[in-house]
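Each chain, written out:
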Amino acid sequence: MNILNHFPIMSVMVLFIGAFVNALVGRKSSAARNGVTFVAITAALVMMLALIKPIMLDGEVITYWMGNWAPVEGWAFGISLEVDALSLFFALIVTVAVFASGIYSFTYMSHDDSQVNYYTLFLMLSGSVLGLVLSGDLFNIFVMVEIMTFTAVALTAFRTNYEGALEGAFKYLVVGSLGSTSLLVGIAMVYSQLHTLNLAQLSALIPQNASNPVLLAAFAFLFMGFATKAFLFPFQPLAADAHAVAPASISLMISGVLTKCGVYGIVRLVYCLYQNWDLPFVQYLVTGFGAVSMFICVTMAFNQHNFKRLLAFHSISQVGYVITVVGLGSILGISSGLYHAMNHTIFKGLLFLTAGAVQHQTGSLDLDRLGGLSKRMPRTTILFLIGAASISGLPPFNGFASKWMIYQATFQQGMSTGNPFFILVCVVALITSVLTLASFIKVSQSVFFGQLPEEYKDVKEVPVAMRVPMWILAALCVVTGVFPNLVEKFLLLPATNAVYSASAYIDHAMGADYAAAHGVFSNGILGIPASNCWQPATWLMLLFCVTCAVAIVALLGSPNDSKKLAISACDEDAEALDAKYESFFSGEEAVYSQVGGSDLFWGFKHNWRKYFSFMHDWHSGIVNDYTLYGAVAIAFVLLACVILL
Amino acid sequence: MSVLMNLFHVLVFPGLLFCVVMGVLLSGLDRIWVARMQRRVGPPLLQPLYDFLKCCGKETIIPRHARKAAFLAAPVVGFVALVSISLFLPVAGQEAVFSGSSDLVVILYLLTLVSVCMIVGAACSGAPFAGVGLSREMVAMISYELPFVLVILAVSSVTFTVTGNVPQSFSLQAIVDFQAANGALITRLSMIPAAIAMLLVIPCEVGNHPFDVAEAETEICEGTLSEYSGAPLAIFRLTHMVKMYIMAALFCVMFLGGITTGIVLLDIAIFVLFCIVLTFITSSLPHAVCARFKVEQVFKFYWTVVAGLAVISLILVWLGL
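Every chain is numbered independently, its residues counted from 1 as its sequence is written. Each chain gets a letter, beginning with A, and each ligand a number, beginning with 1, in the order they are written. The predicted origin of the model limits local features to residues at a pLDDT of at least 70 and limits the giving and counting of side-chain atom pairs to 80 or more, whereas totals for whole chains, interfaces and linings rest on all residues.

*Asks:* Describe the overall build of chain A, listing the residues and the values that go with them.
*Replies:* Secondary structure counts use DSSP, requiring at least four H or I residues in a row for a helix and at least two E residues in a row for a strand, with both numbered from the N terminus. Helix and strand counts for chain A come out as 26 helices and three strands. Out of the 645 residues in chain A, the part that is buried amounts to 60%. By definition, residue pairs are in contact when their C-beta atoms, positioned from the backbone, come within 7 Å. Put simply, 79% of the contacts in chain A that link residues at least 6 apart link residues at least 24 apart. Field definition: a residue is buried when 20 or more other C-beta atoms are found within 10 Å of its C-beta, exposed when 12 or fewer are, and partly exposed for counts in between, with C-beta atoms placed from the backbone.

Laid out in structure tokens, this is it:
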């Protein structure tokens, strides 16, 4: 038997075993701790990379029956792992993010107490997430979701001395349990009707019973369960609370990996289990949730004063993009969604790590207190700018390529169906992108540029060990942005194809012709339309243009070389601290002067003040309210599903 | 040979040299017209070029708080990004140099990149006036982006509704081809509001007078540019001029495209003429007539009036007019 067939289970096992070994041997020695962690995360990454060839390129599906409990007479009793291109796509996202986060943790966490607990929980979190995307069994997905939620809660509160750490974790625990419960109820309903929990078998059976009201209710519960895990509207406040207080490496995991589990769940649910992506109601539901999350979260980010809290809102906003296009049900939609999901993990991971670097060196994340760090931390600044340009969708970074496909997908959906709703979504997506950009300009202005406060005069650049994972992610930002053709060929096309070939997924687990016997026919896809946004030739020309212009400038600037860089005469360092020399605030301390312009977004917020004050009240910070919103949303979706489907 | 041809495209026409010449020409004409409307004589036509050259010869002062590399790189990157837009525009009956990916969304983002470079440059300088300037630039950007996006969607949906051509919905080449076959878009009733909206977007995108909140000399000492001097300032000035040309050219392509005579030089002459007329309408006239808006007024104006015009256009397209 081919060794590759064992890789899925081995990669999950190695992470869990790593966690337990860590708990045993890691208490005393940091070398043992880091060594075990490093081996586990590297092994998982390598095994997933090794699966690219058979699964992505040769189009195979790997099914692994635990204890060789293969299906009997068309009934799957055993526990299985089933890896098709979609699962592997998400597994690659997960393992790369885990790898970056793990490497970063070695230095970042080195000053904390009880690190053995951190690494044990971290590896359990990684293992559970990987298990979730590789699982071929609905109940195992639930088990993994539970492990994931509880380890994530524990890690959120890991630095208990942080203000709000316990509070954030508590909110996450309560509202997260609501999502898990919703998931469990959905699973119970499915089991009561169809008596099986194997994903492949369910994919064959559910479309047959599409009008069964219990299954429709189950759809609502499962959808909302996964939506909670992706922190979609109305669950976004707890993401913000959790991200802001968790260690940066865990923020990366929550934002880059845990939300992707929600996305994976929704894709599996809509395209594989229920196969109802072409129903208008499902399209409105999924796209609507995505678009609302996308817009509300980006405007919420405008009000934030904490670096990581701001990033948290952006992260939900970007996941909103993904869910929006996943809901379109078109080939371009799903491929652009997957592309953006991948890019989001990369650039948001990078941004969280730079936030962590700032916090590690200065001890603060307060946007109002930081400033001017670009002089002290130049490399972190460059890394941050790469991440910010990517998330804002500036060419040539990866965010641009995927957002371009997203606009295409929504616009074409609107045009080909003649439905103004999708055009509106397209406008919202474009505007959200501009607002994202504006928001990151604020961050760069208030953290890295602007004036350096006295207390951060002696800040140093972060150690190399922390910069390495950031450089890896930054390089990925550029590579996946400049070569979208390669990304499409190796990752997107196989994954999109897998999304559209449910019958191959079913047949491989349940035996040939099982899908056809149950009326599931799907042929996959041949290609992704209109995905040739950036041609390398185009880019090289542009690059050439850049070099030319730089050369011209260098020539123009050369006469000045001798006296260049004359520094402004007055001794600013001494004066800048005294408010009375600040020309702009005319003698007032900046905090006391009520100048509208001191808020970077004043012109925008002034016109939207009612909306912002409503949103401010709505995000009350009380966990009871958030639970209520969640319950209302679940009830609403449940009613809508049962009545309208 | 094709390499030489590409070099010619990038550096001469429609690339660097043509952009600069057109920018200087339009900017000079603009200054003369504004002066005449204000009963002044005005500068000579080439005054912007003289200003540019003189600025280049001046000393470059870098403030102590500034981050040197980014401070100097920002104008260059912005300028290059702007010039590269000209390679995506199928002007004067010519195919765009990058016709395969000449795309309105790409252009939209490259224009954003230009603004971002200006903002980053301002942020690097570490001065309070520049801080206010960048905040205003940002709000101005949010303001014009919504109507701009709506205009792009309206234009794309016309070509889409008539031809049903799915994969190239944002392609400029498709829009120009469509106009060559069916007449310029501005002649369609449904496109007139969108064209007006686009005319109103241009001055704000360029940063011209009634909407130049980010550079308001009298209030915030040129805001984003307040700490710049010497060659980087000259490049920012040049960027401003070239942006006038690029936006006029974009308008020509979107609404007046497909008008060809078959003779290349005559086509170019017509195109230049269009650009000059557009500059008069979008730049000189508002400059001479209006006083500067406040920043919140700019936002309100663009998100209600101008965006409203573009939405009307979209609805008219929907109704099949």
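And the narrative resumes.
*Asks:* Give a description of the overall build of chain B that names residues and reports values.
*Replies:* A tally of regular secondary structure across chain B gives twelve helices and one strand. Secondary structure elements in chain B, listed N-terminal to C-terminal, are α-α-α-β-α-α-α-α-α-α-α-α-α. Per-residue burial for chain B yields a buried fraction of 63% across its 321 residues. Of the contacts made within chain B by residues no fewer than 6 positions apart, 80% connect residues no fewer than 24 positions apart.

*Asks:* Go over helix H26 (residues 623-644) of chain A, please, and point to the residues and values.
*Replies:* Residue and element names in this part refer to chain A. For a helix, the expected span equals 1.5 Å multiplied by the number of residues minus one. Spanning 22 residues, H26 covers 31 Å between terminal C-alpha atoms, matching the ideal 32 Å at 1.5 Å per step. For H26, the set of buried residues is Tyr-626, Tyr-629, Gly-630, Ala-633, Ile-634, Val-637, Leu-638 and Cys-641. One face of H26 carries all of its buried residues, which in axial projection span an arc of 165 degrees. The outward face of H26, more than 90 degrees from its buried face, is lined by the exposed residues Asn-624, Leu-628, Val-632, Ala-635, Leu-639 and Ile-643. Buried residues in H26 make contact with helix H7 (165-194), helix H9 (213-229), helix H10 (236-245) and helix H12 (280-301). This arc is taken over the directions from the axis of the helix to the C-beta atoms.

*Asks:* Could you give an account of the packing of helix H4 (residues 68-86) of chain B against helix H5 (residues 104-125) of chain B, with specific residues and numbers?
*Replies:* Residues and elements named next belong to chain B. At a closest axis distance of 8 Å, the pairing of H4 and H5 adopts a crossing angle of 165 degrees. Judged on the interaxial angle alone, H5 and H4 are roughly antiparallel. Where H4 crosses over H5, the two elements pack in a sense that is left-handed. Facing Ala-70, Phe-71, Ala-74, Pro-75, Val-77, Gly-78, Ala-81, Leu-82, Ser-84 and Ile-85 of H4, the residues of H5 in contact are Ile-107, Leu-110, Leu-111, Leu-113, Val-114, Cys-117, Met-118, Val-120, Gly-121, Cys-124 and Ser-125. The axes are straight lines fitted to the C-alpha atoms, using for helices just the contacting stretch, and the angles between their N-to-C directions are given from 0 to 180°. An angle below 35 degrees is treated as roughly parallel, one above 145 as roughly antiparallel, one from 65 to 115 as roughly perpendicular, and anything else as oblique. By the definition used in this description, the sense in which the near helix is turned from the far one sets the handedness, with an anticlockwise turn below a right angle giving left-handed and a clockwise turn giving right-handed.

*Asks:* So what about the nonpolar core? Which residues, and what values?
*Replies:* Core membership is restricted to buried Ala, Val, Leu, Ile, Met, Phe, Trp, Tyr and Cys residues, and these are joined into a nonpolar core through C-beta atoms within 7 Å. With 361 residues, the main nonpolar core has Leu-350 of chain A together with Val-151 of chain B as its most contacted residues. Looking at which element gives the most residues to this core, the answer is helix H6 (residues 128-163) of chain B, with 21 residues. Setting aside residues no more than four positions away along its own chain, Val-151 of chain B makes contact with Ala-194, Ala-197, Met-198, Val-201 and Ala-310 of chain B.

*Asks:* Help me get a handle on the pairing of strand E2 (residues 80-83) of chain A, residues and values and all.
*Replies:* Residue and element names in this part refer to chain A. Side chains Ser-80 and Glu-82 project from E2 onto one buried face, and the interleaved Leu-81 and Val-83 project onto a second face that is buried too. If DSSP finds at least two bridges between two strands, the strands pair. Here four bridges tie strand E1 (residues 62-65) to E2, and the two strands are oriented antiparallel to one another. Following the sheet pairing, Thr-63 is matched in E2 by Glu-82.

*Asks:* Tell me about unusual backbone geometry, residues and numbers included.
*Replies:* All names here are of chain A. For the bond running from Phe-233 to Pro-234, omega is 5 degrees, close enough to zero to count as cis. Its place among the elements puts Pro-234 in the loop between H9 and H10. With a phi angle near 55 degrees, Asn-68 is a residue other than glycine that sits in the positive phi range. Residue classification places Asn-68 among the exposed residues on the basis of 7 C-beta atoms within 10 Å. Positive phi values are uncommon outside glycine, yet Phe-231 reaches one of about 60 degrees. Counting through the fold element by element, Phe-231 comes out in the loop between H9 and H10. Using a count of 32 C-beta atoms within 10 Å as the deciding quantity, one classes Phe-231 as buried.

*Asks:* How would you explain the environment of Ser-402 of chain A if you had to name every residue and give the values?
*Replies:* Residues and elements named next belong to chain A. By the element assignment, Ser-402 lies in helix H16 (residues 398-417). A C-alpha to C-alpha distance of 43 Å links Ser-402 and Val-72, two positions 330 residues apart in sequence. Among residues more than four places away in sequence, those in contact with Ser-402 are Ser-336, Tyr-339, His-340 and Asn-343.

*Asks:* Requested: an account of helix H20 (residues 502-510) of chain A, with residues and values cited.
*Replies:* All names here are of chain A. Counting buried positions over the nine residues of H20 gives nine, a clear majority of the element. For H20, the full list of buried residues reads Ala-502, Ser-503, Ala-504, Tyr-505, Ile-506, Asp-507, His-508, Ala-509 and Met-510. Among the structural elements, E1, E2, helix H8 (199-205), helix H11 (248-273) and helix H21 (514-517) are those in contact with the buried residues of H20. Just downstream of H20, Gly-511 is the residue with a positive phi angle, here 100 degrees.

*Asks:* Now, about the environment of Gln-236 of chain A: what can you tell me, with residues and values included?
*Replies:* Residue and element names in this part refer to chain A. Tracing the chain through its elements places Gln-236 in helix H10. Owing to 26 C-beta atoms within 10 Å, Gln-236 belongs among the buried residues under this scheme. Sequence separation between Gln-236 and Tyr-626 is 390 residues, and the spatial gap between their C-alpha atoms is 9.2 Å. Those residues in contact with Gln-236 that lie beyond four places of it in its chain are Phe-231, Ser-293, Cys-297, Phe-313 and Ile-316.

*Asks:* Break down the environment of Phe-302 of chain A for me, with residues and values.
*Replies:* Residue and element names in this part refer to chain A. Here Phe-302 lies in the loop between H12 and helix H13 (307-326). When the C-alpha positions of Phe-302 and Lys-442 are compared, they lie 8.7 Å apart, and in sequence the two are 140 residues distant. The contacts of Phe-302, once residues within four sequence positions are left out, are Ser-439, Phe-601 and Lys-605.

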